[in-house]
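Structural characterization, general
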Amino acid sequence: MADLPPQLLQGLRLLIRANHILHQHKLVDAFGHVSLRHPMAPDQYLIAAYDPGAPALVKSQEDFISYRVRDSTPVDAEAPQGYSERFIHGEIFRRFPEINCVVHSHSETVIPFTLAGVPVRPVFHMAGFLGASSKGVPVFNAQDAYGDLVGKVEVTPDMLIKNQPLGKALARKLHPSLPVVLQHKHGFTCMGRTVEEAIYRALYTQTNCELLGKALQFAGGNHEKVDYLNEEEAKSCKKMNEKCVDKSWRLWLKEVQMNKLYENEEGEPEALAVSGMKV
């Protein structure tokens, strides 16, 4: 394996462990993925190859492919097979230059909320980043985008984001103030300025949906009876969330370091500086 510049090595270490953390917390299984904007070439991004593919199994620099942000083509023409849904990542990186990490999950906790017309809104302080809109987190329905593609690209209604136009349509649902989009009958995608922030948002999107599901049971299924964060609470909690990412990351990182399933041949990422709430 080639020696890597320190900046790239740190990025790969983070990306390897991000894959492991997502699996540890049941956000991915054999499917689902996380990407990183290339630390030294912002017009490229890194994501695992199809083999080994499963996030729990990535362990070295050789497991990743570098793609061009502009069109999600591999930088290396001889690169192995990659994910068909890499266009999710490429189009989000293209639309949002400040974003450096994208997570795509098929969380079984989140998917039911894409099926029943129940808005996903924050119900506890760790999910302030979800915002306070009464409409909830945006939902992308691939069926709505297929009509625009007829006659332009091959359309197969498998709900996979496997071409650039579908990636663009999904990315348009996101905004720096709305970093999560649900995907009808499929899962969700979220983004962050750092790996740690994106992972935080992914995990707490899932936890929020778990809590919301329980609250709906108490409310007899009526989502209007649930007490959500109001706008002021959501804004304040979002600021708190951003200051506490380091604390959760240290725990999640230690969990996967202690699990023999998760191998890492590139060494461990450098420790985050302690942040937290100063009172």
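Nothing here was measured: the structure is a model prediction, and the numbers come from that model.

**Brief notes about the environment of Pro80**
Position of Pro80 relative to the elements: it lies in the loop between strand 3 (64-68) and helix 2 (86-95). Apart from residues no more than four positions distant in its own chain, Pro80 is found in contact with Ala49 and Ile65.

**A word on the UniProt feature "domain: Class II aldolase/adducin N-terminal" (unreviewed entry) in the chain**
Within the UniProt annotation, "domain: Class II aldolase/adducin N-terminal" (unreviewed entry) is assigned to residues 13-213. With 27% helix and 16% strand, residues 13-213 has end C-alpha atoms that lie 35 Å from one another.

**Considerations on the pattern of salt bridges**
Applying the stated criterion across every chain, the model contains 14 salt bridges. Across the pair Lys235 and Glu231 runs a salt bridge, and its minimum N-O distance is 3.4 Å. Of this pair, Lys235 and Glu231 both sit in helix 6 (residues 231-243), separated by 4 residues, roughly a single helical turn. Across the pair, Glu231 and Lys235 agree in class, each one exposed. Among the ionic pairs, Glu242 bridges to Lys238, the shortest N-O distance being 2.6 Å. Here Glu242 pairs with Lys238, and both are found in helix 6, just 4 residues apart, close to one helical turn. Relative accessible area serves as the criterion here: at 30%, Glu242 is assigned to the partly exposed category. Residue class for Lys238 comes out partly exposed when judged on its relative accessible area of 24%. Several salt bridges converge on common partners, so that one network encompasses Arg193, Glu197, Arg201, Lys238 and Glu242.

**Observations regarding the packing of aromatic side chains**
The way to describe two aromatic rings as a pair is by their centre distance and the angle between their planes. Within the structure shown, the criterion is met by 7 aromatic pairs. Look at Tyr45 and Phe93: their rings are 5.5 Å apart centre to centre, the planes differ by 40°, and that puts the pair in the tilted class. One end of the pair, Tyr45, is in strand 2 (residues 44-48); the other, Phe93, is in helix 2, and 48 residues separate them in sequence. Each member of the pair, Tyr45 as well as Phe93, carries the same accessibility label: buried. Centre to centre, the rings of Tyr200 and Tyr204 are 4.7 Å apart; their planes meet at 55°, and the pair counts as tilted. In this pair, Tyr200 and Tyr204 are both assigned in helix 5 (residues 195-218), 4 residues apart and thus about one turn of the helix distant. Through successive ring pairs, a cluster of aromatic residues spans Phe124, Phe129, Tyr200, Tyr204 and Trp252.

**Quick notes on the nonpolar core**
Soluble globular proteins: nonpolar side chains tend toward being buried together. Judged by nonpolar contacts, the single largest core of 80 residues is most densely connected at Leu22, Ile92 and Ile199. Per-element accounting of this core gives the leading share, 10 residues, to helix 5. Here Ile199 is in contact with Ala18, Ile21, Leu22, Val34, Val103, Trp249 and Trp252, once residues within four sequence places are set aside.

**Describing the sheet that holds strand 4 (residues 101-105)**
Within a sheet, each strand pairs with its neighbour through backbone hydrogen bonds, oriented either parallel or antiparallel. Spatial strand order, 3-2-1-4-7-6-5: 7 strands in an open sheet with mixed pairing. In the strand order of this sheet, the two ends are held by strand 3 and strand 5 (139-140), each with one partner. Strand direction decides the pairing type here: strand 1 (residues 33-37) and strand 2, joined by 3 bridges, are antiparallel. Within the sheet, the bridge partner assigned to Leu36 lies in strand 2 and is Leu46. Together, strand 1, strand 4, strand 6 (180-183) and strand 7 (187-192) form the strand contacts of helix 5, whose direction differs from that of strand 7 by roughly 150°.

**Considering helix 6**
Between the first and last C-alpha of helix 6 there are 19 Å, a value that for 13 residues agrees with the 18 Å anticipated at 1.5 Å per step. Those residues of helix 6 lying buried are Ala234, Cys237, Met240 and Asn241. What you see down the axis of helix 6 is that its buried residues fit within an arc of 125°, all on one side. The outward face of helix 6, more than 90 degrees from its buried face, is lined by the exposed residues Glu231, Glu232, Lys235 and Lys239. Taken together, the buried residues of helix 6 touch helix 5 and helix 7 (245-257). Capping the start of helix 6, Asn230 holds a side-chain oxygen 3.2 Å from the backbone nitrogen of Glu232, two or three residues further along.

What counts and how
Residues numbered from 1 in each chain as written. Predicted model: local features only at pLDDT ≥ 70, side-chain atom pairs only at ≥ 80, totals over all residues. Heavy atoms only, no water. Helix = DSSP H or I, 4+ residues; strand = E, 2+ residues; numbered from the N terminus. Contact = heavy atoms within 4.5 Å. UniProt positions renumbered as here; feature names shortened; annotations may be inferred. Salt bridge = Lys/Arg side-chain N within 4 Å of Asp/Glu carboxyl O. Buried < 20%, exposed > 50% of the residue type's maximum accessible area, 1.4 Å probe, protein only. Phe/Tyr/Trp six-rings, centres within 6.5 Å; stacked < 30°, edge-to-face > 60°. Core = buried A, V, L, I, M, F, W, Y, C linked by side-chain atoms within 4.5 Å. Pairing = 2+ DSSP bridges. Axes fitted to C-alpha atoms, helices over the stretch in contact; angles between N-to-C directions. Expected span 1.5 Å × (residues − 1). Arc of directions from axis to C-beta. Polar contact = N/O pair within 3.5 Å; in protein donor to acceptor, adjacent residues only side chain to side chain.

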